[in-house]
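A closer look at the structure
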Amino acid sequence: MNKTDLISIVSAKAEISKTVGKKTVNALFDAIYEEIEKGGKVSVLGFGTFYVAQKAARKGINPATKAVIQIPARKVAKFKAGTELLRRVK
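By convention here, each chain's residues receive numbers from 1 onward along its written sequence. The predicted origin of the model limits local features to residues at a pLDDT of at least 70 and limits the giving and counting of side-chain atom pairs to 80 or more, whereas totals for whole chains, interfaces and linings rest on all residues. Working from all heavy atoms in the structure, the side-chain values ignore hydrogens and water.

Observations regarding the sheet that holds strand 5 (residues 74-81)
Strands pair in a sheet through their backbones, by hydrogen bonds, and they do so in one of two ways: parallel or antiparallel. Where we set the bar: When DSSP finds at least two bridges between two strands, those strands are taken to pair. Every helix listed is a DSSP run of H or I at least four residues long, and every strand listed is a run of E at least two residues long, numbered separately from the N terminus. Angles here are taken between N-to-C directions and fall from 0 to 180 degrees, while the axes themselves are lines fitted to C-alpha atoms, restricted in helices to the stretch in contact. Pairs of residues are marked as contacts when any of their non-hydrogen atoms sit within 4.5 Å.
Pairing is antiparallel in the open sheet, where three strands are placed in the order 1-2-5. The sheet terminates laterally at strand 1 (42-44) and strand 5, the two strands that pair on one side only. Each strand of the sheet is rotated relative to its neighbour by a mean of 30 degrees, with strand direction disregarded. Bridge count between strand 1 and strand 2 (residues 48-55): three bridges; the pairing is antiparallel. Looking at the pairing, V44 lines up with G48 of strand 2. Across the face of the sheet, helix 2 (residues 18-37) comes into contact with strand 1 and strand 2 while running at roughly 35 degrees to strand 2.

Below, the structure written as structure tokens:
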């Protein structure tokens, strides 16, 4: 499923136009992006939690040259599935 498919499904389930569905889906994503950019987290009970994690600097190997390289520390976006989502996947 891609974003267009998601918009179509949301529009159909909510019985709204695709234009309103698109605005709704985009508003949801924007709200998640804004909170994550601030370093916060977004928890949706039963579905899961979006959050930011810090990865430490580490050493790696360049596969082409086999040289040891330093990989800098960075922030990454993460998602932890909630209980209802995990139950439905089973």
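With respect to the environment of I32
Take I32: it is sitting in helix 2. In this structure the C-alpha to C-alpha distance between I32 and Y51, which are 19 residues apart in sequence, comes to 9.4 Å. With residues up to four places along the chain from it excluded, the contact list for I32 reads V42 and F50.

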